[in-house]
Amino acid sequence: MLIKTDRQGFDHPIPSEIAPAAAYAGRRGFLKALAAGAGGATLAAWAQREAFAQVQRPGKLAPLNTIKSNVAGATTVEKLTPYLDASSYNNYYEFGTDKSDPVRNAHTLKPTPWTVEVEGLVKKPGKYALEDLHKLAGLEERIYRLRCVEGWSMVIPWVGYSFATLAQRVEPLGNAKYVEFLTLADPKQMGYLNTRILDYPYVEGLRMDEAMHPLTLLTFGMYGEVLPNQNGAPVRIVVPWKYGFKSGKSIVKIRFVEREPKTAWNKSAPGEYGFYSNVNPNVDHPRWSQATERRIGEDGLFAKKRKTLMFNGYEAQVGQMYAGMDLKKFY
Ligand code: MTE
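Residues numbered from 1 in each chain as written. Predicted model: local features only at pLDDT ≥ 70, side-chain atom pairs only at ≥ 80, totals over all residues. Heavy atoms only, no water.

Novice: What is the right way to look at the site of the ligand in this model?
Specialist: By nearness alone, 18 residues border the ligand, and Asn90, Glu94, Arg236, Ser247 and Lys249 come closest of all. Within the side chain of Asn231, an N or O atom sits 3.0 Å from an oxygen atom of the ligand. Residue Ser247 places a main-chain N or O atom 2.8 Å away from a nitrogen atom belonging to the ligand. Coverage of the ligand by the protein amounts to 100% of the 540 Å² it exposes when considered alone. Split by residue class, the shell around the ligand holds 8 nonpolar, 7 polar and 3 charged. (Near = heavy atom within 4 Å. Polar contact = N/O pair within 3.5 Å; in protein donor to acceptor, adjacent residues only side chain to side chain. Areas by Shrake-Rupley, 256 points an atom, 1.4 Å probe, with all protein chains shown as cover. Nonpolar A, V, L, I, M, F, W, Y, C, P; charged D, E, K, R; others polar.)

Novice: Just checking my understanding: could you explain the environment of Pro201 for this structure?
Specialist: Position of Pro201 relative to the elements: it lies in the loop between strand S8 (178-183) and strand S9 (203-207). For Pro201, a relative accessible area of 32% translates into the label partly exposed. With 20 residues separating them in the primary sequence, Pro201 and Phe181 have C-alpha atoms 9.7 Å apart. With residues near it in sequence (within four places) discarded, Pro201 still touches Leu182, Thr183 and Ala185. (Helix = DSSP H or I, 4+ residues; strand = E, 2+ residues; numbered from the N terminus. Buried < 20%, exposed > 50% of the residue type's maximum accessible area, 1.4 Å probe, protein only. Contact = heavy atoms within 4.5 Å.)

Novice: Honestly, the sheet that holds S9 in this entry has me stumped. Any pointers?
Specialist: As a general point, the strands of a sheet are linked pairwise by backbone hydrogen bonds and lie either parallel or antiparallel. The strand order S5-S4-S13-S8-S9 describes an open sheet built from 5 strands, whose pairing is mixed. Only two strands of the sheet have a single partner each, and these edge strands are strand S5 (126-129) and S9. When strand polarity is set aside, the average angle formed by the axes of neighbouring strands in this sheet is 20°. Sheet topology note: the S8/S9 ladder contains 5 bridges and is antiparallel. Across the sheet, residue Glu180 finds its bridge partner in S9, namely Gly205. Along the sheet, helix H7 (residues 163-170) contacts strand S4 (115-120), S5, S8 and strand S13 (251-257); its crossing angle with S13, the most-contacted strand, is approximately 60°. (Pairing = 2+ DSSP bridges. Axes fitted to C-alpha atoms, helices over the stretch in contact; angles between N-to-C directions.)

Novice: Looking at this structure, I do not really get the environment of Val179. What am I missing?
Specialist: Mapped onto the elements of the fold, Val179 is located in strand S8. Once the C-alpha coordinates of Val179 and Ala167 are considered, the two residues, 12 residues apart in sequence, prove to be 9.5 Å apart. The contacts of Val179, once residues within four sequence positions are left out, are Phe163, Glu204, Gly205, Leu206, Met208, Ala211, Ile254, Arg255, Phe256 and Pro261.

Novice: Looking at this structure, how should I read H7?
Specialist: The periodicity of an α-helix, 3.6 residues per turn, causes residues three or four positions apart to be oriented the same way. Listing the buried residues of H7 in full gives Phe163, Ala164, Leu166, Ala167 and Val170. Along H7, the residues classed as buried sweep out an arc of 160° about the axis, all on the same side. Note on H7: the residue one or two positions beyond its end, Glu171, has a positive phi of about 55°. (Arc of directions from axis to C-beta.)

Novice: Explain the pattern of salt bridges to me, please; I cannot follow it from the model alone.
Specialist: If the charged atoms of two oppositely charged side chains come close together, the side chains can form a pair. Enumeration according to the criterion identifies 21 salt bridges in this entry. Glu171 is the salt-bridge partner of Lys123, the closest N and O atoms lying 3.6 Å from each other. Of this pair, Lys123 sits in the loop between S4 and S5 while Glu171 sits in the loop between H7 and S8, and the two are 48 residues apart along the sequence. Owing to a relative accessible area of 58%, Lys123 belongs among the exposed residues under this scheme. Glu171 sits in the partly exposed class, given a relative accessible area of 27%. Across the pair Glu293 and Arg295 runs a salt bridge whose closest N-O atoms are separated by 3.7 Å. A single network of salt bridges, built from pairs that share partners, joins Glu78, Arg145, Arg147, Glu293 and Arg295. (Salt bridge = Lys/Arg side-chain N within 4 Å of Asp/Glu carboxyl O.)

Novice: What am I meant to see in the confidence of the model for the chain here?
Specialist: Note that predicted coordinates carrying low pLDDT should not be read in detail. Per-chain confidence: the chain averages 87 in pLDDT, with 83% of residues scoring 70 or above. Contacts from residues 5-47, a stretch scored under 50 in pLDDT, to residues over four places away or in other chains number 80 contacts. (pLDDT = per-residue confidence, 0-100.)

Novice: What exactly am I supposed to notice about the packing of aromatic side chains here?
Specialist: Given two aromatic rings, their pairing is described by the distance between the two centres and the angle made by the two planes. As enumerated under the stated definition, the model contains 15 aromatic pairs in all. Taking 6.3 Å as the distance between ring centres and 20° as the angle between the ring planes, the aromatic pair formed by Phe163 and Phe256 counts as stacked. Taken as a pair, Phe163 in helix H7 and Phe256 in strand S13 lie far apart in primary sequence, 93 residues in all. Take Phe256: its relative accessible area is 1%, and that puts it in the buried class. Measuring from ring centre to ring centre gives 5.4 Å for Trp265 and Tyr273, while their planes differ by 65°; the resulting arrangement is edge-to-face. Through pairs of rings, three or more aromatic residues link up here, namely Tyr178, Phe275, Tyr276, Phe311, Tyr322 and Phe330. Positioned above the aromatic ring of Tyr83, the side-chain terminus of Arg57 is 3.7 Å from the ring centre. The side chain of Lys99 reaches across the aromatic face of Tyr89, ending 5.9 Å from its centre. (Phe/Tyr/Trp six-rings, centres within 6.5 Å; stacked < 30°, edge-to-face > 60°. Lys NZ or Arg CZ within 6 Å of the ring centre and 35° of its normal.)

Below, the structure written as structure tokens:
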């Protein structure tokens, strides 16, 4: 994320535009030269990331009978982002603000045992052990585009099932209008909770119809394996038509509520990050355009950026939920 907020009087320049593009251009000499000048901090971080080329893979997800999803929009013929990139170029601020930090620091997270508490406006609140969540429904592979608000994207095969399956199990009450996702905030496991950029726990939220949309994925794995810590182990949400920050990692509590939840980035910089945060090439971020993006692992520094698609390409599936809404106002 890039953030300028008066709250902390802190301009947080993570030049995500420079780092991935240069890195993928594969021009090491050029990289070194660049690293000495503007964007050097991030490029240096990228170089460090390269030293981590051996990402620890947590292994197979049990049960292994993951099936290909037949939910509309859940597959794409686009090239998958290499595992190494998807697992070492991450945003997970609880483990550091640089893209190369989570893969280095998230080993302190203990994803098992894990419990997710479901509470609020539901008939059947309860606590679910991770194993029970795994067993609640058949695991599906869904290949989704992930578009980060910073202007880059990836294509990742996620493993999970529709969040609606869990929601139906707990029977939301009629006055439940939103779902709030609260993620872990444990200083013993996370070394960067005191950076003052965000309030922790990291909170995200969806309107009820968005949460219940079949594309909204309760996610336990990627590339057929358990989620690596840096990608949000052991359970995260993935909402493919919204900017990546709506997809909260390492969820510990799911709350059904009547009022629109106060979400982490919205609280931190309300003029920059709205509640809806639907991918929208026609609504610029106050400080940069959202019309184009770079695909991590494919689009080199000198490649023309690709056009960002409305709702990240999922308009046919989700557009109807926003019919009649002014998406400039509800950004
Ligand atoms: N969840 C938590 N708890 N903390 C975070 O900092 N970053 C978000 C989102 N979920 C974040 C988070 C952002 S900005 C993005 S782009 C995605 O995670 C990145 O997911 P990925 O690392 O799997 O690509």
